[in-house]
4 protein chains.
Amino acid sequence: MTNSSSITGNDTPLIIDGKTYQSRLLVGTGKYKDLDETRDAIAASGAEIVTVAVRRTNIGQNADEPNLLDVISPDNYTILPNTAGCYTAKDAVRTCRLARELLGGHDLVKLEVLGDQKTLYPDITETLVAAEELIKDGFKVMVYTTDDPIIAKRLEDMGCVAVMPLGAPIGSGLGIRNPYNIRMIIENANVPILVDAGVGTASDATVAMELGCDGVLMNTAIAAAQDPVLMARAMKGAVECGRDAFLAGRMPRKLYASASSPIDGTFF
Amino acid sequence: MTNSSSITGNDTPLIIDGKTYQSRLLVGTGKYKDLDETRDAIAASGAEIVTVAVRRTNIGQNADEPNLLDVISPDNYTILPNTAGCYTAKDAVRTCRLARELLGGHDLVKLEVLGDQKTLYPDITETLVAAEELIKDGFKVMVYTTDDPIIAKRLEDMGCVAVMPLGAPIGSGLGIRNPYNIRMIIENANVPILVDAGVGTASDATVAMELGCDGVLMNTAIAAAQDPVLMARAMKGAVECGRDAFLAGRMPRKLYASASSPIDGTFF
Amino acid sequence: MTNSSSITGNDTPLIIDGKTYQSRLLVGTGKYKDLDETRDAIAASGAEIVTVAVRRTNIGQNADEPNLLDVISPDNYTILPNTAGCYTAKDAVRTCRLARELLGGHDLVKLEVLGDQKTLYPDITETLVAAEELIKDGFKVMVYTTDDPIIAKRLEDMGCVAVMPLGAPIGSGLGIRNPYNIRMIIENANVPILVDAGVGTASDATVAMELGCDGVLMNTAIAAAQDPVLMARAMKGAVECGRDAFLAGRMPRKLYASASSPIDGTFF
Amino acid sequence: MTNSSSITGNDTPLIIDGKTYQSRLLVGTGKYKDLDETRDAIAASGAEIVTVAVRRTNIGQNADEPNLLDVISPDNYTILPNTAGCYTAKDAVRTCRLARELLGGHDLVKLEVLGDQKTLYPDITETLVAAEELIKDGFKVMVYTTDDPIIAKRLEDMGCVAVMPLGAPIGSGLGIRNPYNIRMIIENANVPILVDAGVGTASDATVAMELGCDGVLMNTAIAAAQDPVLMARAMKGAVECGRDAFLAGRMPRKLYASASSPIDGTFF
């Protein structure tokens, strides 16, 4: 069965900063009810990269309290410290340096600089400043940003190792609000593009992957589901099947099967 | 890990006409380039029910030609004869009887009566007539229909064993055009509801399952993909993860995380 | 200015049952707070055809009570009696006959037969029966139906003078849920097609007209707005500008201006 | 008729830089087949503010060639010079200064700095630099930007007299791709918010106004329609009815009329 072999053989793995990953789903650690649920959900997600909000999570800062790394071990996962809760470039840079220290020189970080506490929308100006400083300082920066294709390209040109546009505001669950922009970003990119934020349910992750994203990062969609562990499994499947569908090449949309041409932008 | 056990344990299987299925993806056999591709794609889909267009496929009518059942064996699959190509109740009933004869008394059928050759949209009037006659004649009828909730309920009340509303016209690949109607049908139903027709890519199948459908039937989305076998695998995953996400209970949509209430129908 | 003259000159008026109308907006009379608001909103809408639920509105049945026709006079408006609240063909036919009697032989009616009280979705089977009987009995039938293109064509073939598919359930305000079906109905039609039910705000009416509808009928969207009279004026404009836009022929959609071809159904 | 008076009385006019406008539709002058069509379309649009691409249009730079201002007279319209075709802050500032000189000290400008020639997407970084310099230099800046709510607020805080987020890329005709972001921008704004770019047909403009925008600016949707003058009239109506609908306060969306609560973000 020649085709069967083609199924498993024809995708290249996700490579970030020179390291290869089988999973294209990245997950956060916030909002779970306890560390057991955190561990079980992350296991079910199949994620290999786990992002940790340094300012909210104990990864060694407080020696006497439970340490997340006891549950999500750096031996098993690539720990991706992030700057959630930072509203200035300065704070974000300082947070990354703290993380590097706590994690023994680890230099892969997820940069996010937010514009306000109400919407948690990215602050692009500060993000650009922070990215530049971090890169100069030797960090490998995966950068959270808006779905602005010009800014996405600039972050890539600056040397970010992955660009992570939002699908929708953090914690909104609105899905990919502007697939057109995500598609424009992907068409122009030479580094991995991962949708970060906005996923609310499995089909949102599938849509992101069908657009050609290299991966998806999420937290609330799993942690705030009624059954987080089951949703984690759903998301694992959603990312995998979306990737498969992208590679398989979908049929074109038509008004009906006998229509002589696909949907052409006139009525729809 | 208590949650992990809940993952695999909490779904009830799909039951149609008293028989239990692990897979919620049903597939057709048309439009493949050859029987090898048909076999490989169906294997990759994980489908246990395979629908066959009796008027277009040799399942024994022509003793001297290749028989689909040699590739898709009734030992391995539940064969679901369908009435594709029938435009009247009379033709559809006759086709089902032929199928029963060819398949040694097999009485599970998929009824479809189409309204015209251009759109392949169902003819509800003729469908109701055919369903009644087939049920009287002892058939177990899975019925293809529009997304009209009143008609869906009538077909259930009449005794159909499953109701299969379209997501969009056959072969259109437009996805679930009216999820509101599909949801209304599901809310009122006591038999399995399966979306049949309209799926174009994996996320369409995921969306159908997230709405609470019991399963999805498709053909063109797999067979007309550039890589049908890979798309078949995508669809297997898409149905599974959509089911998981439905059971897991998604987070509510909000304009942003700190919004005090979900999207409420005023602006969005 | 040659073009300016073309603006006002190039549309043909709406003709229903041989009578010409300048307005393509039809309105109902239910759910207003009082008769003054009813009158003012209808005036602001510019509607020339006003539909009246015979089973809920006094148009002469109760000689001692306020009569709607004192406010909405048949001298100024085409009164369109409708069968709202009828759940069987028999009830609908009886209601039309009562209306004809009350209105002095008036034979233009809007037929609606509903499937249940919860969703107010049309019952197509009963609608077909009632339409046939009413046409035999000399009525001119404008018929409320689902967005099923096969049924729409059958109602036209039967002799209905206008076919009125829903945009969404009565009173839902969801807008045109399935523009693809509405477009299919229009492409096949030789009688006026009017979207009836589902409009929630002005843009919904504009979208209906841009799809090529001949008119739009609504009630709740106006009567349940916070300012019904202002919303009535909005709807007048929405129908007019949607008609203009349809006739003007929109630009094609593209991913961006320099894209060599329109959106083609692959990614979007 | 008390309500009728409320119709015309309850909106405040659009005020930009202290000047009052009755029309909320702003139009460009590009892409028309000749100056007659330009003049007729603009007249039909009812626009009072007309934007002119200084680098592409003769408004006096070339004394021997036809001057747009002979057709679109500053006596009748507020001329809004724009910096279309500028890809750096420096170019944009220089272009505004040239315009001010040509227009006798006129200081109201529309700033746009684009990121690349392929997508015509705004370059936010350069836009911020140019806006700051122009404001220091005494210009009144209406600024074209992305739909990023943080940047929109920053441009307002800087002193721009109006903020003009895109609905979709210039010349795409895709409509309001992310109404959620537009709504967030409006909720936070104290200066007029006008959607600029992306409108493809009348309903797009209506949707923009229903979201609460103060106005809409467009060019291609009119100029590239098959009948630009008729489309101009459509757009006039579309903006007016969208404004009316916003002020009138729409009914909430429900799955069907008897549903006890509006759409709540769970399934839809």
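Residues numbered from 1 in each chain as written. Chains lettered and ligands numbered in written order. Predicted model: local features only at pLDDT ≥ 70, side-chain atom pairs only at ≥ 80, totals over all residues. Heavy atoms only, no water.

**Structural notes on the relation of the copies chain B and chain D**
Logical step 1: When chain B is brought onto chain D, the operation consists of a screw motion whose angular component is 180° and whose axial shift is 0.0 Å, with 0.0 Å RMSD remaining. Both copies are brought into coincidence by an operation consistent with a two-fold rotation axis. Closest to the rotation axis within chain B is the C-alpha of B:Asp264, separated from it by 2.5 Å.
Logical step 2: Of the interface residues in chain B, 100% have counterparts in chain D that sit at the interface too, so the contact is made through matching surfaces. (Least-squares fit on C-alpha atoms with pLDDT ≥ 70 in both. Contact = heavy atoms within 4.5 Å.)

**Some details on the relation of the copies chain B and chain A**
Logical step 1: Superposing chain B onto chain A takes a rotation of 180° combined with a translation of 0.0 Å along the rotation axis, leaving an RMSD of 0.0 Å.
Logical step 2: A high fraction, 98%, of the interface residues of chain B reappear at the interface in chain A, so the copies pair face to face through one surface.

**Notes on the interface of chain B and chain A**
Logical step 1: Opposite the 57 residues of chain B that make contact, chain A presents 57 residues.
Logical step 2: Each partner contributes to the roughly 4600 Å² buried at the junction of chain B and chain A, and carbon and sulfur atoms together form 60% of this total.
Logical step 3: At the boundary of chain B with chain A, the tally comes to two salt bridges.
Logical step 4: The partner of A:Arg233 in a salt bridge is B:Asp244, with the nearest N and O atoms 2.9 Å apart.
Logical step 5: In this structure, the connection of chain B to chain A is made through 22 residue pairs in polar contact (both at pLDDT 80 or more).
Logical step 6: Counting residues per element, the ones that place at least two in the side of chain B that touches chain A are α1 (2-9), α2 (35-45), α8 (202-210), α9 (220-223) and α10 (228-248) of chain B.
Logical step 7: No other element matches the twelve residues that α10(B) contributes to the side of chain B that touches chain A.
Logical step 8: Taken together, the residues of the side of chain B that touches chain A break down into 28 nonpolar, 19 polar and ten charged. (Buried area = accessible area lost by both parts, 1.4 Å probe. Salt bridge = Lys/Arg side-chain N within 4 Å of Asp/Glu carboxyl O. Polar contact = N/O pair within 3.5 Å; in protein donor to acceptor, adjacent residues only side chain to side chain. Helix = DSSP H or I, 4+ residues; strand = E, 2+ residues; numbered from the N terminus. Nonpolar A, V, L, I, M, F, W, Y, C, P; charged D, E, K, R; others polar.)

**Things to note about the UniProt feature "active site" (unreviewed entry) in chain A**
Residue and element names in this part refer to chain A.
Logical step 1: Those residues carrying the UniProt feature "active site" (unreviewed entry) are Lys110 in this numbering.
Logical step 2: Within the secondary structure, lysine 110 sits in strand β6 (residues 108-111).
Logical step 3: With relative accessibility at 4%, the residue lysine 110 sits in the buried group.
Logical step 4: Apart from residues no more than four positions distant in its own chain, lysine 110 is found in contact with Thr51, Leu80, Pro81, Asn82, Thr83, Met142, Tyr144, Met164, Asp196 and Leu217. (UniProt positions renumbered as here; feature names shortened; annotations may be inferred. Buried < 20%, exposed > 50% of the residue type's maximum accessible area, 1.4 Å probe, protein only.)

**Some thoughts on the pairing of strand β10 (residues 215-218) of chain D**
Residue and element names in this part refer to chain D.
Logical step 1: Side-chain alternation along β10 places Gly215 and Leu217 on one buried face and Val216 and Met218 on a second face that is also buried.
Logical step 2: Summarising the sheet, strand β3 (residues 25-28) and β10 pair through three bridges and their orientation is parallel. Paired with valine 27 across the bridge in β10 is methionine 218.
Logical step 3: Direction of pairing for strand β9 (residues 194-196) relative to β10: parallel, over a ladder of three bridges. Paired with valine 195 across the bridge in β10 is valine 216. (Pairing = 2+ DSSP bridges.)

**Some remarks on the layout of surface pockets**
Logical step 1: One number sums up the size of the second largest pocket: a volume of about 950 Å³.
Logical step 2: Around the second largest pocket sit 45 residues that line it, and C:Gly237, C:Glu240, D:Lys236, D:Gly237 and D:Glu240 are the ones nearest its centre.
Logical step 3: Residue assignment for the lining of the second largest pocket shows that the elements contributing at least two residues are α1 (2-9) and α10 (228-248) of chain C together with α1 (2-9) and α10 (228-248) of chain D.
Logical step 4: Classifying every residue of the lining of the second largest pocket by side-chain character gives 16 nonpolar, 15 polar and 14 charged. (1 Å grid on protein atoms, 1.4 Å probe; cavity = no way out; pocket = protein on both sides within 12 Å on 5 of 7 lines; lining within 4 Å. Points joined across faces, edges and corners; volume = space filled by probe spheres on them.)

**Focus: the UniProt feature "binding site: 1-deoxy-D-xylulose 5-phosphate" (unreviewed entry) in chain A**
Residue and element names in this part refer to chain A.
Logical step 1: Feature annotation in UniProt places "binding site: 1-deoxy-D-xylulose 5-phosphate" (unreviewed entry) on Gly171, Ala197, Gly198, Asn219 and Thr220, given in this structure's numbering. Their sequence span is 50 residues, while the largest C-alpha to C-alpha distance among them is just 9.4 Å; these annotated residues converge on one region.
Logical step 2: Relative accessible area serves as the criterion here: at 5%, glycine 198 is assigned to the buried category.
Logical step 3: Apart from the residues within four sequence positions on either side, glycine 198 is in contact with Gly167, Ala168, Pro169, Ser172, Gly173, Leu174, Gly175 and Asp204.

**Concerning the interface of chain B and chain D**
Logical step 1: The partner chain D presents 20 residues to the 20 residues of chain B that form the contact.
Logical step 2: Buried surface at the junction of chain B and chain D, summed over both partners, amounts to about 1900 Å²; 67% is from carbon and sulfur atoms.
Logical step 3: On the chain B side of the contact with chain D, B:Tyr180, B:Phe267 and B:Phe268 bury the most area, a combined 32% of that side's loss.
Logical step 4: In this assembly, chain B and chain D are joined by zero salt bridges.

**Topic: helix α6 (residues 149-158) of chain C**
Logical step 1: What α6(C) keeps buried is the set C:Pro149, C:Ile150, C:Ile151, C:Ala152, C:Leu155 and C:Glu156.
Logical step 2: Where the residues of α6(C) are buried, they touch α5 (124-136) of chain B together with α5 (124-136), β7 (140-145), β8 (162-165) and α7 (179-188) of chain C.
Logical step 3: Sitting at the head of α6(C), C:Asp148 places a side-chain oxygen 2.8 Å from the backbone nitrogen of C:Ile150.
Logical step 4: Looking one or two places after α6(C), you find C:Gly159, whose phi comes out positive at around 115°.

**Here we look at the confidence of the model for chain A**
Logical step 1: On average, residues of chain A score 93 in pLDDT, and 97% of them are at 70 or above.
Logical step 2: Taken together, the stretch residues 1-8 of chain A has pLDDT below 50 and engages in ten contacts with residues farther than four places along the chain or on a different chain. (pLDDT = per-residue confidence, 0-100.)

**Here we look at the packing of α6(C) against α7(C)**
All names here are of chain C.
Logical step 1: Interaxial distance between α6 and α7 falls to 9 Å at its minimum, and their mutual angle equals 30°. If you check the angle between α6 and α7, you find them roughly parallel. The handedness of the crossing between α6 and α7 is right-handed. Contact with α6, carried on its side by Pro149, Ala152, Lys153 and Glu156, involves Asn181, Met184, Ile185 and Asn188 of α7 and no other residues of that element. (Axes fitted to C-alpha atoms, helices over the stretch in contact; angles between N-to-C directions. Parallel < 35°, antiparallel > 145°, perpendicular 65-115°, else oblique. Left-handed = near helix turned anticlockwise from the far one by under 90°.)

**Structural notes on the packing of aromatic side chains**
Logical step 1: Enumeration over the complete set of coordinates arrives at two aromatic pairs over all chains.
Logical step 2: A ring pair is formed by A:Tyr180 and C:Phe268, whose centres lie 4.1 Å apart and whose planes are at 15°; its orientation type is stacked. Residue A:Tyr180 is found in helix α7 (residues 179-188), and its partner C:Phe268 is found in the segment after α10; the two belong to separate chains. Each member of the pair A:Tyr180 and C:Phe268 is classed as buried.
Logical step 3: Positioned above the aromatic ring of C:Phe139, the side-chain terminus of C:Arg100 is 3.9 Å from the ring centre. (Phe/Tyr/Trp six-rings, centres within 6.5 Å; stacked < 30°, edge-to-face > 60°. Lys NZ or Arg CZ within 6 Å of the ring centre and 35° of its normal.)

**A look at the pattern of salt bridges**
Logical step 1: The tally for this structure, following the rule as stated, stands at 72 salt bridges over all chains.
Logical step 2: Taking the shortest distance from any N to any O, the salt bridge between B:Glu112 and B:Lys110 comes out at 3.0 Å. Just as B:Glu112 is buried, B:Lys110 falls in that class too.
Logical step 3: When salt bridges with common partners are traced through the structure, they connect A:Arg97, A:Arg100, A:Glu133 and A:Asp137 into a single cluster.

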